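Spelled out, the chains give:
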Amino acid sequence: MVEERLYIVTYDISDDKRWRRVFKLMHGYGRWLQLSVFQCRLSAQRRAELARRLEEVIHGRDDHVLILDLGPADKVDPRVESLGKTFEAVTRAAVVI
């Protein structure tokens, strides 16, 4: 069994076209939480792949991406305080293809 870790990925992209590319890319790796924030369950291989693909899109001098490692995905229970709009925690569910 491949161990997955839970990550929060957040980004500040200075160009709208690159921002849209990053946003679309991130949808393939995690769940969108809000504007430029995603929650991702990733194996070490998928995490490295994500970082490589992000580096291909962003401009290092102008853009900024943070990948926060919260720990082993099955052992982490993120505690979220939400102010304002309602927040729905991401739940793991099977996807049948």
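All values reported here derive from a predicted model rather than from experimental measurement.

About the criteria used
Residues numbered from 1 in each chain as written. Predicted model: local features only at pLDDT ≥ 70, side-chain atom pairs only at ≥ 80, totals over all residues. Heavy atoms only, no water. Helix = DSSP H or I, 4+ residues; strand = E, 2+ residues; numbered from the N terminus. Rg over C-alpha atoms; globule rule 2.2 N^0.38 Å. Buried < 20%, exposed > 50% of the residue type's maximum accessible area, 1.4 Å probe, protein only. Contact = heavy atoms within 4.5 Å. Areas by Shrake-Rupley, 256 points an atom, 1.4 Å probe, with all protein chains shown as cover. Lys, Arg positive; Asp, Glu negative; His and termini not counted. Charge placed at Lys NZ, Arg CZ, Asp CG, Glu CD. Expected span 1.5 Å × (residues − 1). Arc of directions from axis to C-beta. Patch = residues over 30% accessible without salt bridge, like charges linked within 9 Å, V, L, I, M, F, W, Y side chains within 5 Å. Salt bridge = Lys/Arg side-chain N within 4 Å of Asp/Glu carboxyl O.

Trainee: Got a minute to help me understand the overall build of the chain in this structure?
Mentor: Broken down by element type, the chain carries two helices and four strands. Sequence-ordered secondary structure for the chain, helices as α and strands as β, is β-α-β-β-α-β. The C-alpha radius of gyration computed for the chain amounts to 14 Å, which stays within 12% of the reference 13 Å derived for 97 residues, consistent with globular compactness. Here the chain holds 97 residues, and the buried ones make up 30% of them. Contacts in the chain between residues at least 24 apart in sequence constitute 72% of all its contacts with a sequence separation of at least 6. Total accessible area on the chain is roughly 7,500 Å²; 49% of this is exposed by carbon and sulfur atoms. Taking the average location of the 17 positive side-chain charges in the chain and that of its 15 negative ones, the two points are 4 Å from each other.

Trainee: Quick question: what am I supposed to make of helix α2 (residues 44-57) here?
Mentor: Since one α-helical turn is 3.6 residues long, residues separated by three or four positions face the same way. Taking 1.5 Å per residue, 14 residues should reach 20 Å; α2 reaches 20 Å between its end C-alpha atoms and fits that length. For α2, the set of buried residues is L50, A51, L54 and V57. Projection of α2 onto a plane perpendicular to its axis shows the buried side chains occupying an angular sector of 125 degrees, all on one side. Those residues of α2 that are exposed and aimed more than 90 degrees away from the buried face are A44, Q45, E55 and E56. The inward-facing, buried residues of α2 abut β1 (5-12), α1 (16-27), β3 (37-42) and β4 (64-72).

Trainee: Honestly, a nonpolar patch on the surface in this entry has me stumped. Any pointers?
Mentor: A contiguous nonpolar surface patch, about 230 Å² in accessible area, is contributed by L66, L68 and L70. Its place among the elements puts L66 in strand β4. Classification of L66 as partly exposed rests on a relative accessible area of 38%.

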